[in-house]
Structures are given as C-alpha cells and as structure tokens.
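Spelled out from the first residue to the last, the chains are:
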Amino acid sequence: MALAQAKRTATEARLAALELPAGAGWATRAREEALARLRETGLPARRDEYWRYTDPATLNAPAPEPAALFDPREPMPFSEVDRLKVVFVDGVFDPEASDDLSMAGIEIERLAETAARDIHWAKDLYGVLEARGQSPVPRPLAALNTAAATDGIVIRVTGKAPRPVSLIYLHRSETSDAVLHHLVRVEEGAEMTLLENGPAAARFNKVLEVDVADGGAFHHVRAQGRDHERRAATHIFARLGEKSIFKSFTLTVNGKLTRNETVIELTGDNAVAHVAGAALGDADFHHDDTVFITHDAVECESRQVFKKVLRNGAVGVFQGKILVKPGAQKTDGYQISQALLLDDDSQFLAKPELEIYADDVICSHGSTSGAIDETAMFYLRSRGVPRDEAQDLLVIAFLAEAIDEIEDEAIADDILARLQAWLARHRH
Amino acid sequence: MLEIRNLKVKLEEEDKQILKGVDLTVDAGTVHAIMGPNGSGKSTLSYVLAGREGYEVTEGTATLDGADLLEMEPEERAAAGLFLAFQYPVEIPGVGNMTFLRTAVNAQRKARGEEELSAGEFLKEIRARAKQLKIDSEMLKRPVNVGFSGGEKKRNEILQMAMLEPKMCILDETDSGLDVDAMKLVAEGVNALRDEGRAFLVITHYQRLLDHIRPDVVHIMAGGRIVKTGGPELALEVENHGYADILAEVA
Ligand SMILES: Nc1ncnc2c1ncn2[C@@H]1O[C@H](COP(=O)(O)OP(=O)(O)O)[C@@H](O)[C@H]1O
Ligand SMILES: [Mg+2]
C-alpha cells in the first residue's frame, strides 16, 4: 500500500532535519535497513489505530519543542544504591561523569565505539529485535532511532553482575533532541540489573534491545521524572530464551508526553516476563504505556501491571496485548491496567487485547478506572488520619501491585519514597 | 462528656428524616447502652457523631467536653477523643494493618501536640495489646480487615480503640456475629479500658454483651428518637419481652 502523501512529507521533513550517522563498520548496514523500514511505514500519525489516544506530532516534528530545565532540589533516584554509573548529558555519553566501565561478569562498551568496528557481537542484536517488533504493528519511532542513534551503551553479561548498571540521563540544554540506543545481551545463566533515570533532553527517543539467553535474568527499574516539559518516546524490545526472566518496572512522574512501548517475545519454554508501571500525573501530563507480549513457547508466564494516578486533567493511556501463538500451550498471561482519577477532569483510555491461538492457556485481563474509595477514606479519617495522609495511603495502596514487581527491596524503597514525596507535593 | 441535644438528621441526598430529636448525656466514667429495633437510627447516630458524609444535621447540637463535634472534620473528632467501632469495619486492600494503626496513632498525637511514638515503642505497645485480644502478628501484617473473619474484624476494632485510647468510645453492634468466646474477648478488651475519664456508648441488640460490659444506663431507640431510658433492668426487659411492649407503652 502506498504511503499517504502527508505521512511521506512528514517523514522526509524529519529525515531532512536529521544528521544521519556517516558510516563505517557493521552499523552502517543496520542503519540503512532501519531507514528503509521507516520509509516504508512512515512516521506515526494520529489516524493510525495504534496512535488513537496519543498525538505523535511533537515526537515527529523536525525540531523538538524547547523544554525548560528543571532542578528537583533533591538527590536523584537510586543515589543510595551501590551501582555503576553511566552518565549521558543531553543524549551524549559523558566519560568524566561516568564510573569506570569495568565490572566482573559484565562487559560494557559505548555504542559509538563498537559501531565503528568491522566485527562485533552487537551486529546480531542492533536493530534486530526492533525489526522483529515492527510486525504486526509498525513502530516507526523505533526504526528512526535505529537509523539515527550514534550513542548508547552496549552490554554483554556473562556472569552475575555484582552491582546494577545505572544509566543517568542529564538534561542541560533546553532544545536538546536526544537519541540513544542501548543493547543488552544476557548470556546463558547470567544476570544483571539495569537502572535508568533522569530527564535526558527536551525530546528523548530511546530504544533498549534486550536478548536474554536460556536461564538468564534481566531486571530493569526506571524512574522517569520529575521534569515537567519532557517529551519522550521509548521502546524496549526483549527476546527471552528458555527459563529466562525479564522484569521491568517504570515509575513516571510529570512530563508533557511520554510513550513507553514494551515489546516482548517469549521464545523459549518456561520463560517469565513481567512489565509494570506506576505513573503519576498532575495537569499537563500525557502518559502512554503500550505493551505487546508474544507467547511463542510453552509454559511461559507474562504479567502486565500498570497503574496510573491522574489529577487536574492529566491523561493516561494503556494499550496492552497478549498474543498467544499456535502451540504456546500452558501459557499463563495476566494483564491489569487501572487508573485512579483524583478528579473529574482527568482521563484514562485503555485498550486491553487478547489474541489466543492455543487452547490450553490461562489468560486474564482487567481494566478499571475509578475514584478514591470514600468509605475507606472515612474509616481512615475516623481514626484520626488527616484527609491528605489518608488519601496518600490509599494511593500507595492502589499502586502497591505495581511496586511489588520490583524485586530489590532497597530499590523498591527508593521508588516508594519518590512516590510519597510526589504525593506530598501534589495535594490540591 | 458527650452531650446530644435535640439532634435532627436527614439524608443529604433524599428528603428522609432519620433522627427526629435525640437527647442524650453520657458522663465520664459511665457506660451507656442503646438498644432498639433495626432501622431505628442507631448507626446513623454513631456515624453523624463520627462525621460521616451524606447526612445533614437540620437541628440540634452534639458536643464532646463542650467542644462542638458537628463543626469538626472526622479526624479532628478522633483527635478530640471520639472513637467509633464500626458495625461493618471497612476492608482496605494494600494498606497494612500495622502501617494504618501507626499512622493513626501518630496523627492523633501530632494533632494534640504530643510527641510521635517511635517504631520501637509502637511495636512494643501493639504487641502487648494484640496479645490480649488474641490477634496474632500475621493478622497485624495483613491489609486492614482484608480476609478477616467477622470476629477478627471486630477484635481489630477493639485493638484500634485500645491503641488510640479515646475518651468517648462508641461501639456499634460490636457483638453481632461473634461467638461466645470472641464476645468475651471483646468485652474484656472494653472492660480493660474502663476508666474514670472514659465513657462508653454501646449499641447492641442483645443482653448477652451487657452481661459482660455492665451498663449504668440503658436507652431504647425507636423511630429516630430515644423513647425510654432506664437502668440495666431495661435490657433484661428487652431480652425477655422484645421491643413490642416498650414501644406500645411509649406510643
Ligand atoms: N445512607 C443511607 N441511605 C439510605 N437510607 C439510610 C442511610 N443511612 C440510614 N438510612 C436509613 O435510616 C434508617 C436508620 O438506619 P440505621 O441508622 O442504620 O439504623 P440501625 O442502626 O438502628 O439499624 C433506616 O431506615 C435506613 O434504611
Ligand atoms: Mg446499625
């Protein structure tokens, strides 16, 4: 089908404004292929079914809308966690601010350096999962990322990484347009935790491709916020081998526009994938979680737990799909998306989907949106808990199922403290 | 301690008068019981005193040690020393029983300008109180009232009362749904708190509970009014003859 003229124009306008990386090394071909994928589908448009609830205009535009710098006046998330820090400033790796990249059981390199080489294992991953993730639904912003990214981190995990790798995204320029592409290859039986936080840029396009071999485990905790004017489109593409584990949790507070897509393929038997998110928005906030999980092996488990707390006209979107392929018997799929609307102006738009081609599976999904339970509120207040504190308790309780997906207790406590502080700042 | 004068209450949402002029005085150190048929307005009275939304006071007053209860937020009433043990305790998924109680105890202390309890002090206190009520530590960790049996919920109400040490305790049918042993535990919990500076208003259908918590005064409520007041013998009369005789007598 020929691309609509409007789409083609928008896509070419964006490409014209981009400085595509000049090529040497293995990455050149991957980038060219990604560019071809993008030209085939064109950038997303509001009329696309997949973008019905989120307007991609500002994500597509040749230049980003400027975003004011924001000083949160508090230590950044994960400050208390013993971790290996990798710092990016407006989307560019900062070796001075970063720790030494060597750690037992894990190889960490910079994409910019590996991409210039002729041979590197990254060749078999870069843009590969992204390309697989383009069907049945195109993800043009991810293809754009693969074509344009020059920086990012390339990680190969061979053992049990003793400390989390913590990606820190600093924002210093009001007009920065950052594109980062990270790769993680978890080898058989290996294990790592990846942390991400920070505003990153005025506009941020990020792709993370994660390949988990048999028996490997990948844990991911991300904190997006607290800057208010950020616009971000992020993609996680993951492929899971036999008995492997993938767990990802995202806390999002504030931000004008965030679209987090997670695309997971369970390709080995007995693999486990959990994706969770807690998003809190006040006023000028649009947050979209779009998840696509494909079960293509037997006895795999997947869980999607997404909770949103919205007030003063904030908008939350959830599009979640579980696709169970023929033969993926004994699939255990669970999906819940819920919004707590703290007033009548806020809005939650949800599109849960199940598509099942195997007969021996358990899949459940639910989606709700509602207000604070006034009966519970009165009960708490009748015990002397003031209204605001009572509401905080009920909000945290509402989010608990998502936060429970974080395995590491210290990290979960950090996230909880951020949540509580946000609630205390956003009361009326 | 508690003074209710000509209290008239209607529903906010519909034109339905529920309390039609309640007069009641409860002095410090005493136990009053309110009995009465279903639908007579007993729970409504307790909710209005505790500050639940949905009711409109059209006339009358209610004061606690001279302070106007009806002007206060529910949490202010609690901090002022009022406690309601709910007829139907509320389940709150996701909020741990212990977290809930600690937040409540410290919020009240803060409101009264007292020092908050440390985690250690609180733990010591709650363990001792819970033990008396045969509430195990597993129940303390669970979300508030979630998955609790009827009896466990009621004992949990008494635990809250014991921890919060209110001066005016209202118990709304705390005995209903309890077996004899559970009722004894509840009664012991209440009796342990009896004190010169504290008063109780015990709403019940049954003489049973009043065998264990001996009331000084018994009131009969019907049709949104207190229609008869007497000593403990009034409860026995209800037990033996039901409400019909009394209602006929005052009609
Ligand atoms: N929120 C409410 N909505 C509708 N009716 C109510 C409400 N609260 C109380 N009532 C009515 O008021 C009357 C008194 O109820 P209640 O106070 O629960 O009585 P009791 O506790 O003595 O059984 C009943 O007729 C009941 O149906
Ligand atoms: Mg009642």
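Note that the coordinates shown come from a computational prediction; the quantities given were computed from them, not determined experimentally.

Looking at the overall build of chain A
Point 1. Summing up its helical and strand segments, chain A has nine helices and 19 strands in all.
Point 2. For chain A, the C-alpha radius of gyration of 21 Å lies close to 22 Å, the compact-globule estimate for 428 residues.
Point 3. With the C-alpha coordinates aligned to their principal axes, the bounding extent of chain A is approximately 70 × 50 × 50 Å.
Point 4. Taken over 428 residues, chain A has a buried fraction of 60%.
Point 5. Long-range pairs, those at least 24 residues apart, make up 85% of the contacts in chain A with a sequence separation of at least 6.

What to know about the overall build of chain B
Point 1. When you go through chain B residue by residue, the secondary structure sums to 10 helices and 12 strands.
Point 2. In summary, chain B has a C-alpha radius of gyration of 18 Å against a globular reference of 18 Å for 251 residues, a match within 12%.
Point 3. A principal-axis box enclosing the C-alpha atoms of chain B has dimensions of 55 × 40 × 35 Å.
Point 4. Split into buried and exposed, the 251 residues of chain B put 53% on the buried side.
Point 5. Within chain B, residue pairs in contact and separated by at least 24 positions form 69% of the contacts whose partners lie at least 6 positions apart.
Point 6. Across chain B, the mean location of the 30 positive side-chain charges is 5 Å away from that of the 42 negative side-chain charges.

Topic: the coordination of the magnesium ion (ligand 2)
All names here are of chain B.
Point 1. Looking at the magnesium ion (ligand 2), the protein donor atoms are Ser43 (OG) and Gln87 (OE1), and they sit 2.1 to 2.3 Å from it. Linking Ser43 in helix H1 (residues 42-50) with Gln87 in the loop between strand S6 (82-85) and strand S7 (92-96), this pair joins segments that are 44 residues apart in sequence. Comparing Ser43 with Gln87 shows no difference in burial state: the two are buried.

Let's talk about the interface of chain A and chain B
Point 1. Counting from both sides, the interface comprises 16 residues of chain A and, opposite them, 30 residues of chain B.
Point 2. Surface buried jointly by chain A and chain B totals about 1900 Å² across both partners, of which 67% is contributed by carbon and sulfur atoms.
Point 3. Per-residue buried area on chain A facing chain B is highest for A:Phe378, A:Tyr379 and A:Arg383; these three make up 41% of the total on that side.
Point 4. Joining chain A to chain B, the criterion identifies four salt bridges.
Point 5. Here A:Arg383 ties to B:Glu157 by a salt bridge, and the two come within 2.7 Å at their closest N and O atoms.
Point 6. In this structure, the connection of chain A to chain B is made through 10 residue pairs in polar contact (both at pLDDT 80 or more).

What about the packing of aromatic side chains?
Point 1. Counted according to the given criterion, the structure contains 11 aromatic pairs over all chains.
Point 2. Their ring planes at 65° and their centres at 5.9 Å tell us that A:Phe88 and A:Phe93 sit as a pair that is edge-to-face.
Point 3. Of the residues examined, A:Phe88 reaches a relative accessible area of 0% and is grouped as buried.
Point 4. An aromatic cluster of three or more residues is present, and its members are A:Phe378, A:Tyr379, B:Tyr47, B:Phe86 and B:Phe100.

A word on the site of ligand 1
All names here are of chain B.
Point 1. Every residue close to ligand 1 is listed here: Leu11, Lys16, Ile18, Pro37, Asn38, Gly39, Ser40, Gly41, Lys42, Ser43, Thr44 and Tyr55.
Point 2. Within the backbone of Ser40, a nitrogen or oxygen atom sits 3.2 Å from an oxygen atom of ligand 1.
Point 3. Here Gly41 contributes a backbone N or O atom positioned 3.0 Å from an oxygen atom of ligand 1.
Point 4. Taken by itself ligand 1 offers 560 Å² of open surface, and the protein chains cover 63% of this.
Point 5. A total of three residues in the shell around ligand 1 trace back to one element, the largest contributor, which is H1.
Point 6. Per-class residue counts for the shell around ligand 1 are four nonpolar, six polar and two charged.

With respect to a negative patch on the surface
Point 1. A contiguous patch of negative charge on the surface is contributed by A:Glu188, A:Asp214, A:Glu242, A:Asp269 and A:Glu299.
Point 2. Within the fold, A:Glu188 resides in the loop between strand S6 (177-186) and strand S7 (191-197).

Examining the sheet that holds strand S5 (residues 67-68) of chain B
Residues and elements named next belong to chain B.
Point 1. Spatial strand order, S2-S1-S4-S5: four strands in an open sheet with antiparallel pairing. Looking along the sheet, the strands with just one partner apiece sit at the ends: strand S2 (17-26) and S5.
Point 2. Looking at chain direction, strand S4 (residues 55-64) and S5 are connected through two bridges and run antiparallel. Residue Thr63 lies in a different strand from S5, and its bridge partner there is Asp68.

What to know about the layout of surface pockets
Point 1. Taken as a whole, the largest pocket spans an internal volume of roughly 700 Å³.
Point 2. Residue lining of the largest pocket: 26 residues in total, with A:Leu393, A:Ile396, A:Leu416, A:Gln420 and B:Thr99 positioned closest to the centre.
Point 3. Of all the elements in the fold, those that place two or more residues in the lining of the largest pocket are helix H8 (387-403) and helix H9 (409-425) of chain A together with helix H3 (97-111) and helix H4 (119-132) of chain B.
Point 4. Its residues assigned to classes, the lining of the largest pocket comprises 12 nonpolar, five polar and nine charged.

Brief notes about the confidence of the model for chain B
Residues and elements named next belong to chain B.
Point 1. Taken over all residues, the pLDDT of chain B has a mean of 93, while the share at 70 or more is 100%.
Point 2. Taken element by element, the predicted model of chain B shows its lowest mean pLDDT in helix H10 (residues 244-250) (82) and its highest in S6 (98).
Point 3. Taken over the whole predicted complex, pTM reads 0.93, whereas the ipTM for its chain interfaces reads 0.96.

Quick word on the pairing of strand S17 (residues 332-341) of chain A
All names here are of chain A.
Point 1. In terms of burial, S17 is a largely internal element, eight of the 10 residues being buried.
Point 2. Pairing analysis gives 10 bridges linking strand S15 (residues 301-311) to S17, with the strands arranged parallel. Of the residues in S17, the one forming a bridge with Lys308 is Ala339.

Digging into the pattern of salt bridges
Residue and element names in this part refer to chain A.
Point 1. Throughout the structure, instances matching the rule amount to 51 salt bridges over all chains.
Point 2. For Arg203, the salt bridge identified is with Asp177, shortest N-O distance 2.8 Å. Of this pair, Arg203 sits in strand S8 (residues 203-212) while Asp177 sits in strand S6; the two residues are 26 residues apart in sequence, bridging distant segments of the chain.

Reading the values: the criteria
Residues numbered from 1 in each chain as written. Chains lettered and ligands numbered in written order. Predicted model: local features only at pLDDT ≥ 70, side-chain atom pairs only at ≥ 80, totals over all residues. Heavy atoms only, no water. Helix = DSSP H or I, 4+ residues; strand = E, 2+ residues; numbered from the N terminus. Rg over C-alpha atoms; globule rule 2.2 N^0.38 Å. Buried < 20%, exposed > 50% of the residue type's maximum accessible area, 1.4 Å probe, protein only. Contact = heavy atoms within 4.5 Å. Lys, Arg positive; Asp, Glu negative; His and termini not counted. Charge placed at Lys NZ, Arg CZ, Asp CG, Glu CD. Donors = N, O, S within 2.8 Å, 3.2 Å for Na, K, Ca; no water. Buried area = accessible area lost by both parts, 1.4 Å probe. Salt bridge = Lys/Arg side-chain N within 4 Å of Asp/Glu carboxyl O. Polar contact = N/O pair within 3.5 Å; in protein donor to acceptor, adjacent residues only side chain to side chain. Phe/Tyr/Trp six-rings, centres within 6.5 Å; stacked < 30°, edge-to-face > 60°. Near = heavy atom within 4 Å. Areas by Shrake-Rupley, 256 points an atom, 1.4 Å probe, with all protein chains shown as cover. Nonpolar A, V, L, I, M, F, W, Y, C, P; charged D, E, K, R; others polar. Patch = residues over 30% accessible without salt bridge, like charges linked within 9 Å, V, L, I, M, F, W, Y side chains within 5 Å. Pairing = 2+ DSSP bridges. 1 Å grid on protein atoms, 1.4 Å probe; cavity = no way out; pocket = protein on both sides within 12 Å on 5 of 7 lines; lining within 4 Å. Points joined across faces, edges and corners; volume = space filled by probe spheres on them. pLDDT = per-residue confidence, 0-100.

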